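# Summary of structural features
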Amino acid sequence: MEELTQLVEVEPVVPDPVIELLDVNMEIKRIVEAIIFAANRPMTVKQIQQVFPEIEQPELIEILGAIESITEDYRDRPIELKHVASGYRFQVRQELSRWVSRLFEEKPPRYSRALLETLAIIAYRQPVTRGDIEDIRGVSVSSSIIQTLLERDWIKVVAHKEAPGRPGLYGTTKQFLDYFNITNLNDLPTLQEIQDLDLSLDNAQHILQEESEKQTTDEQDEFAQTYTNIREELGETTAV
Amino acid sequence: MEELTQLVEVEPVVPDPVIELLDVNMEIKRIVEAIIFAANRPMTVKQIQQVFPEIEQPELIEILGAIESITEDYRDRPIELKHVASGYRFQVRQELSRWVSRLFEEKPPRYSRALLETLAIIAYRQPVTRGDIEDIRGVSVSSSIIQTLLERDWIKVVAHKEAPGRPGLYGTTKQFLDYFNITNLNDLPTLQEIQDLDLSLDNAQHILQEESEKQTTDEQDEFAQTYTNIREELGETTAV
Amino acid sequence: MLESTIERPTAPQALAIVNGTPFNQLPEDLYIPPDALEVFLELFEGPLDLLLYLIRRQNVDIINIPIAQITHQYIAYIQVMGNLKMELAAEYLVMAAVLAEIKSRMLLPRQTESEDEEEDPRATLIRRLQEYECIKSVAEEIDLMPRLERDIFAAVVDVSKLNIEQALPDIQLKEMLLAFQDVLKRVDQLSHHHITKEPLSVRERMSAILENLKGADSLLFSQLFSRKEGRQGVVVSFLAILELSKERLIDIFQHEPFAELRIRTAGAIHSLDGNRGDGGVDAIGGSRASSAGSSH
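Here's what I pulled together on the structure shown here.

What counts as what
- Residues numbered from 1 in each chain as written.
- Chains lettered and ligands numbered in written order.
- Predicted model: local features only at pLDDT ≥ 70, side-chain atom pairs only at ≥ 80, totals over all residues.
- Heavy atoms only, no water.
- Helix = DSSP H or I, 4+ residues; strand = E, 2+ residues; numbered from the N terminus.
- Buried < 20%, exposed > 50% of the residue type's maximum accessible area, 1.4 Å probe, protein only.
- Contact = heavy atoms within 4.5 Å.
- Areas by Shrake-Rupley, 256 points an atom, 1.4 Å probe, with all protein chains shown as cover.
- Pairing = 2+ DSSP bridges.
- Phe/Tyr/Trp six-rings, centres within 6.5 Å; stacked < 30°, edge-to-face > 60°.
- Lys NZ or Arg CZ within 6 Å of the ring centre and 35° of its normal.
- Axes fitted to C-alpha atoms, helices over the stretch in contact; angles between N-to-C directions.
- Buried area = accessible area lost by both parts, 1.4 Å probe.
- Salt bridge = Lys/Arg side-chain N within 4 Å of Asp/Glu carboxyl O.
- Polar contact = N/O pair within 3.5 Å; in protein donor to acceptor, adjacent residues only side chain to side chain.
- Nonpolar A, V, L, I, M, F, W, Y, C, P; charged D, E, K, R; others polar.
- Core = buried A, V, L, I, M, F, W, Y, C linked by side-chain atoms within 4.5 Å.
- Parallel < 35°, antiparallel > 145°, perpendicular 65-115°, else oblique.
- Left-handed = near helix turned anticlockwise from the far one by under 90°.
- Expected span 1.5 Å × (residues − 1).

Moving on to the overall build of chain A. Tallying secondary structure elements over chain A gives 11 helices and 4 strands in all. The burial tally for chain A puts 46% of its 240 residues in the buried class.

This is the structure in structure tokens:
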């Protein structure tokens, strides 16, 4: 998992938070700020360094100091310097998105449950093949979903499985993390632990037998009930 | 937005340049700033106003006040809020061009065959008109090729031919010689030599050696040097 | 009794068979219009999702699935849908078979432990349901996470006004020579073209003379020669002047008989046309002189 190992790589940390603000070279800071603003993609500290001409490149630590200082400068402004997976970017503070979203006539894309579930499986279970995804979801995965995810650069083929047909193993990308405004996979919602299965057969048998007895009497009612429930649900949906 | 609803009820602000900075509604200012940052086009005051929901729209004068205040806030930063023909937008300050431009440097494209041929014809047949070049190449020469060569200062119009349309006569420049590191056009191989040039390693070596022997007897010692250069150059290519 | 519902062919008229009893029509209060059923199916992301729905409706833990009951309901759904000629994904039918198998196993007397070594289909199903439910719930959470385009907007700063220097392509001398070699080959094939092979220094000097003439109305013939260049240089200049004249790029003229020859670009006549007052005579003289020059 190339992506994952990259994620483990942490950017160097500024060692001393007390003196750093004083130490920031103002000219470097100005340039760093301009670079982050001008780049239309998140920029890593390393990438920022390389924008400087070779003989004038500041140390990474200086750039980090500048970033910290800039972050501080924008503390009270409506935009913030945010660290996402592939680097730093300026973005409008989220509490203002309500206003800003009105700028764009086009509605933001909505993603189907099928797509989101596929994406979640790839994110949490990577690397996975399409077959693995289908096993988990219990249905076939349409090619268009995989295609959409690939085109959005949210997933990529990280390797091929040594199996018949050498199916592609999918993993998520940094762009996926960037899109969801996070720096690494750990920032995703926690996946619930799967409860341990303690299915002693006796137990199960017992319960199940009980159930099926009850069922013979209740069956009709249950079915009716379920239909009613579903109908209600449909009523809700179709009403929307 | 409680503050805003309150604001709508307030009488329009009197445009008093002395007190206006104090009067700027901080919430409106934040939103205006966010809107300008998020818009991917310059925004007029009117357009900014219309991003606000109808009942919360501030007066134009309030937006102008906010813009003035924001402009002031960014006075010392590497980006500025600029009024251009179609509205307001943030842009990177001109003086940082030198630094930021490296962000956009791409791998230089390659010149077309047509351009190389055109340049060679101008070098060997100068002064020539575009028509002459077309006659020799047997195909038309696009304006963009001539334009590119002019912009690179490799060719220039040395005169105009007394013919319909008074076409420009092109010749090569000092910069052209400098670029190829030669002192004058005689350093280029003769037409005959080029025609005989066989770029398989052995032949090239052979011809050029012959040439350089011939040269040593010549008065102009610089020729020898040039041929050696060319030989090296040719040697490099064929070795690749 | 229940397990037979899958295999038994449905009576043609029956809409559904529930517990072995064919339903010839849906009870009034259960009626769901066919297109609504389609919508209903679209609500589910597959058999696992449908099963989860059925289980959650019972308010029971997945681990304690009332398997017989759920199986029954599940199959009833499938059959209703089948009878409504709805296209049902194969996965739904496969699940029906799995459920039926589990149920039949449970009805049989317990087998010996050794036979139970093969995976208990019920355990498998429960694990799959659990895993799917976990994914389903994080997918819902991910959908709520702030994201670009909807909740997050990048700050855009214009850079179009910056002086951005684009790196220019490089050329190797050999590339140009190779290109020219091709040109020469083509020219040879088109035999009506003839490229003379005069020394390059002459062509270069031709450009230089024209260039010099640009700044001035005309130059004295002698101004085109430099003593420093020696004999060779003089020859080159002279050849260049003749060639320029032959190609009608310059005019050689005299202001008066026996005056020193002067050179100007042929184009200069044109510019003088605009100022008829001072140049008419010279122009005539010039063209005469130039034809004389080329006869050398």
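A count of helices and strands for chain C gives 11 helices and 5 strands. Taken across its 296 residues, chain C has 47% of its residues classed as buried. Long-range pairs, those at least 24 residues apart, make up 57% of the contacts in chain C between residues at least 6 apart in sequence. For chain C, the exposed area adds up to about 15,200 Å²; of that, 53% sits on carbon and sulfur atoms.

Right, let's talk about the pairing of strand β2 (residues 87-92) of chain B for a bit. Residue and element names in this part refer to chain B. When you tally the buried positions in β2, you get 6 out of 6 residues, the bulk of the element. Bridge count for strand β1 (residues 79-84) against β2 is 6 bridges, and the pairing is antiparallel. Its bridge partner being in β2, L81 is matched across the sheet by F90.

This next bit is on unusual backbone geometry. For the peptide bond that leads from Q126 of chain A to P127 of chain A, omega is -5 degrees, which places it in the cis range. With respect to the helices, strands and loops of the structure, P127 of chain A is situated in the loop between α7 (113-125) and α8 (130-137). For D153 of chain A, which is not glycine, the phi dihedral falls at a positive 65 degrees. The topology assignment puts D153 of chain A in the loop between α9 (143-151) and β3 (155-160). Here D153 of chain A falls in the partly exposed class, since its relative accessible area comes to 42%. Positive phi values are uncommon outside glycine, yet N181 of chain B reaches one of about 60 degrees. The exposure class assigned to N181 of chain B is exposed, which follows from its relative accessible area of 62%.

Now for the packing of aromatic side chains. Enumeration according to the criterion identifies 25 aromatic pairs over all chains in this entry. Aromatic pair F221 of chain C and F238 of chain C: ring centres 6.5 Å apart, planes at 80 degrees, arrangement edge-to-face. Of this pair, F221 of chain C sits in the loop between β3 (219-220) and α9 (230-246) while F238 of chain C sits in helix α9, and the two are 17 residues apart along the sequence. A relative accessible area of 18% places F221 of chain C in the buried class. On the basis of relative accessibility, which here comes to 33%, the residue F238 of chain C falls in the partly exposed class. For the cation-ring pair, R98 of chain B lies above W99 of chain B, with the distance from its terminal atom to the ring centre recorded as 4.2 Å. A cation over a ring is seen here: R264 of chain C above F253 of chain C, with NZ or CZ 4.2 Å from the ring centre.

Here the focus is the sheet that holds strand β4 (residues 250-253) of chain C. Residue and element names in this part refer to chain C. One open sheet holds the 3 strands; their spatial order is β3-β5-β4, and the pairing between them is antiparallel. Lying at the two open borders of the sheet, with one neighbouring strand each, are β3 and β4. Of the strands in this sheet, β4 and β5 (262-265) are in contact with α9, which crosses β4 at around 110 degrees.

Before going further, it helps to examine the interface of chain B and chain C. Listed per partner, the contact involves 69 residues of chain B and 57 residues of chain C. With both chains or domains summed, chain B and chain C bury close to 6,000 Å², and 63% of this area falls on carbon and sulfur atoms. Seen at the junction of chain B and chain C, the total is 4 salt bridges. Between K156 of chain B and E211 of chain C there is a salt bridge, with the nearest N and O atoms lying 3.1 Å from each other. The interface formed by chain B and chain C contains 16 residue pairs in polar contact (both at pLDDT 80 or more). Here the element with the most residues in the side of chain B that touches chain C is helix α7 (residues 113-125) of chain B; it accounts for 10 residues. In the side of chain B that touches chain C, the residues fall into 38 nonpolar, 14 polar and 17 charged.

To continue, consider the side chain of R205 of chain C. Looking at the element boundaries, R205 of chain C is found in helix α8 (residues 200-215). Those residues in contact with R205 of chain C, other than ones at most four positions away along the chain, are E229, G233, V236, S237 and A240 of chain C.

As a further point, take the nonpolar core. Generally speaking, soluble globular proteins have nonpolar side chains that are buried together. Ranked by size, the top nonpolar core spans 64 residues in total, and within it V32 of chain A together with V32 and V92 of chain B carry the most contacts. Discounting residues that sit within four places of it in the chain, V32 of chain B has contacts with I48, F52, I63, A66, I67 and I70 of chain B.

To continue, consider the packing of helix α5 (residues 90-107) of chain C against helix α6 (residues 121-144) of chain C. Residue and element names in this part refer to chain C. Viewed as axis vectors pointing N to C, α5 and α6 meet at an angle of 135 degrees, and their least axial separation amounts to 9 Å. As the angle between them shows, α5 and α6 are arranged oblique. By crossing handedness, the relation of α5 to α6 is classed as left-handed. Residue-level inspection shows M95, L99, E101, I102, R105 and M106 of α5 in contact with α6, the latter providing P121, R122 and L125. Grouping the constituent residues of the contact of α5 with α6 by class yields 6 nonpolar, no polar and 3 charged.

This part is about helix α5 (residues 60-73) of chain B. One turn of the α-helix equals 3.6 residues, which is why residues spaced by three or four share an orientation. Under the 1.5 Å per step criterion, the end-to-end length of α5 of chain B is 20 Å for 14 residues, consistent within 8% with the ideal 20 Å. Taken together, the buried positions of α5 of chain B are occupied by E62, I63, G65, A66, I67, S69 and I70 of chain B.

Turning to the side chain of S97 of chain B, a few remarks are in order. Here S97 of chain B is to be found in helix α6 (residues 97-100). Overall, S97 of chain B belongs to the buried group, its relative accessible area being 5%. Separated by 2.8 Å, the side chain of S97 of chain B and the backbone oxygen of Q94 of chain B make a polar contact. Beyond its immediate stretch of four places on either side in the chain, S97 of chain B contacts L162 and N163 of chain C.

Enumeration according to the criterion identifies 37 salt bridges over all chains in this entry. The partner of R113 of chain B in a salt bridge is D182 of chain C, and the shortest N-O contact between them spans 2.4 Å. On the criterion of chain membership, the pair formed by R113 of chain B in helix α7 and D182 of chain C in helix α7 (residues 173-189) is interchain, its members lying in two chains. Judged by relative accessible area, which is 39%, R113 of chain B ranks as partly exposed. Through salt bridges with shared partners, a single ionic network connects R113, E117 and R137 of chain A together with E45, D49 and K136 of chain C.

No statement about biological role is implied by the geometric values presented.
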